[in-house]
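Per-entry structural report
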Amino acid sequence: MDENGLGLPGSIRACLFDLDGVLTKTARLHAEAWKRMFDDFLASRARADGQPFVPFDAVGDYDQYVDGKPREDGIRSFLESRGIKLSEGKNDDPETAETIHGLGKRKNGIFLSLMRERGVEAYPGSLRYVRAVKAAGLRTAVASSSTNCREALIAAGIAELFDARVDGIVARERHLPGKPASDTYVAAARALGVDPAGAAVFEDALAGVAAGRAGKFGFVVGVDRMDQADELRSHGADIVVNDLAALLVSK
């Protein structure tokens, strides 16, 4: 352990990072976009049915039902928790369609507006850590459910730090199931030419940590941005830190 000052077992040859909440501060933008979309949908539905409006919880509901998952999976999961069933619709549904794909388009539109308005910032500690990983000669990849991953990496100025990217667009093209399934992380490891046992996963989402454990990766790091250290451990994290810089070992 700590052979190269990275806080990782010596057998690790590659590092696989989630994007939102691990590398960039975009998780809070996603949570806000989900809340705006779902609250509008739920309020409209409550008015039509004459029922009380129960808003989307941007912490509890976000963590449990949507964080880390592909967009449509998150929508299905949350609506199921409220006993709501919608038609799947189609990929080309407009934002106004009350379908799974329509709500997904609506949420993504809100997120892109927030990203343009506020920009994308990388966590300084994550930036330090990824650069240390590169300096140590380990390979790096991003494995994210986001279809906006490439744009976010470019906007944050960190795209060049990664040797491979497996995002929501790649997953859709290859028909890879999303987290908590391990397929996107396995694909990222293969893109770097390593087996899962030789790769470390870095995740802030419960679904992502579960994916790292399910894929039998060599080390799973939980990044606690939302005061859920115990939950990250129970989902399979080998270690939990508040910031990736905490893993760096001074020499």
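Below, the structure is looked at part by part. Remember, it's a predicted structure, so these values are computed and weren't measured experimentally. (Residues numbered from 1 in each chain as written. Predicted model: local features only at pLDDT ≥ 70, side-chain atom pairs only at ≥ 80, totals over all residues. Heavy atoms only, no water.)

Focus: unusual backbone geometry
Most peptide bonds take the trans configuration, and most residues that are not glycine carry a negative phi. The condition that has to hold: Put simply, DSSP marks the helices as runs of H or I at least four residues long and the strands as runs of E at least two long, and each gets a number from the N terminus on.
Between Lys179 and Pro180 the backbone carries a cis peptide bond, its omega angle lying at 20°. Mapped onto the fold, Pro180 is located in the loop between helix H7 (168-174) and helix H8 (183-191). With a phi close to 55°, Lys216 is a non-glycine residue in the positive phi region.

Topic: the sheet that holds strand E4 (residues 199-203)
To be explicit about the condition: We treat two strands as partners when DSSP finds at least two bridges between them. Lines are fitted to the C-alpha atoms to define the axes, a helix being fitted only along its stretch in contact, and any angle between axes, read from their N-to-C directions, falls within 0 to 180 degrees.
Judged by pairing direction, the sheet is parallel, and its six strands sit side by side in the order E3-E2-E1-E4-E5-E6 without closing on themselves. Because the sheet does not close on itself, it has two edges, and the strands there are strand E3 (164-166) and strand E6 (239-241). For this sheet, the mean inter-axis angle between neighbouring strands, taken without regard to orientation, is 20°. Pairing between strand E2 (residues 139-143) and E3: three bridges, direction parallel. Counterpart to Ala143 in the pairing with E3 is Val166.

Thoughts on helix H6 (residues 149-156)
Selection criterion: Exposure categories follow from relative accessible area, calculated using a 1.4 Å probe and restricted to protein chains: below 20% of the type maximum is buried, above 50% is exposed, and the middle band is partly exposed. Think of it as the arc spanned by the lines of direction from the helix axis to the C-beta atoms. Here a residue-residue contact requires only that any non-hydrogen atoms of the pair lie within 4.5 Å.
Within the sequence span of H6, burial applies to Cys149, Ala152, Leu153 and Ala156. Down the axis of H6, the sector holding all buried residues measures 100°, keeping them to one side. Those residues of H6 that are buried lie in contact with helix H4 (100-118), E2 and E3. Just past H6, the residue Gly157 takes up positive phi, approximately 75°.

Re the pairing of E2
Two faces belong to every sheet, and in a regular strand the side chains alternate between them. Basically, it comes down to this: Classification remark: right-handed applies to a crossover when, strands pointing away from the viewer, the course from the first strand over the helix to the second runs clockwise.
Among the five residues that make up E2, four are buried, leaving the element largely enclosed by the rest of the structure. For the segment spanning E2, H6 and E3, crossover handedness is right-handed.

Here's the deal with the state of the cysteines
This is how the line gets drawn: Cysteine sulfur atoms that pair up within 2.5 Å are treated as a disulfide.
Following the criterion strictly, the structure yields zero disulfides and no others. Left unpaired, Cys15 is separated from the closest cysteine sulfur, that of Cys149, by 16 Å. With a relative accessible area of 0%, Cys15 lands in the buried category. Residue classification places Cys149 among the buried positions, given a relative accessible area of 0%.

Overview of the nonpolar core
The line we're drawing: We call a set of buried residues a nonpolar core when its members are Ala, Val, Leu, Ile, Met, Phe, Trp, Tyr or Cys and they connect through side-chain atoms within 4.5 Å of each other.
Core analysis: the biggest nonpolar cluster contains 54 residues, and Leu8, Phe17, Phe38, Leu79, Phe202 and Leu244 have the highest contact counts within it. Top element by residues in this core is helix H1 (residues 27-49). It accounts for nine residues. Listed in part, the 18 residues of the second largest apolar core include Val166, Val186, Ala211 and Phe217.

Let's talk about the pattern of salt bridges
Close approach of charged atoms allows side chains of opposite charge to pair. Condition: Put simply, a salt bridge is a Lys or Arg side-chain nitrogen that is within 4 Å of an Asp or Glu carboxyl oxygen.
In total, this model carries 17 salt bridges according to the counting rule given. A salt bridge links Asp243 to Arg225, with the shortest nitrogen-to-oxygen separation between them at 3.6 Å. Of this pair, Asp243 sits in the segment after E6 while Arg225 sits in the loop between strand E5 (219-223) and helix H10 (229-234), placing them 18 residues apart in sequence. Arg233 is the salt-bridge partner of Asp230, the closest N and O atoms lying 3.4 Å from each other. Residue Asp230 and its partner Arg233 are located together in helix H10, separated by three residues, close to a single helical turn. Under the relative-accessibility criterion, Arg233 is labelled partly exposed at 45%.

With respect to the side chain of Asp204
Defined as follows: Residues scored as charged are limited to Lys and Arg (positive) and Asp and Glu (negative), so that His and the chain ends carry no count.
Assignment of secondary structure puts Asp204 in the loop between E4 and helix H9 (206-214). No salt bridge is formed by the buried Asp204, whose closest oppositely charged neighbour, Arg225, lies at an N-O distance of 6.1 Å.

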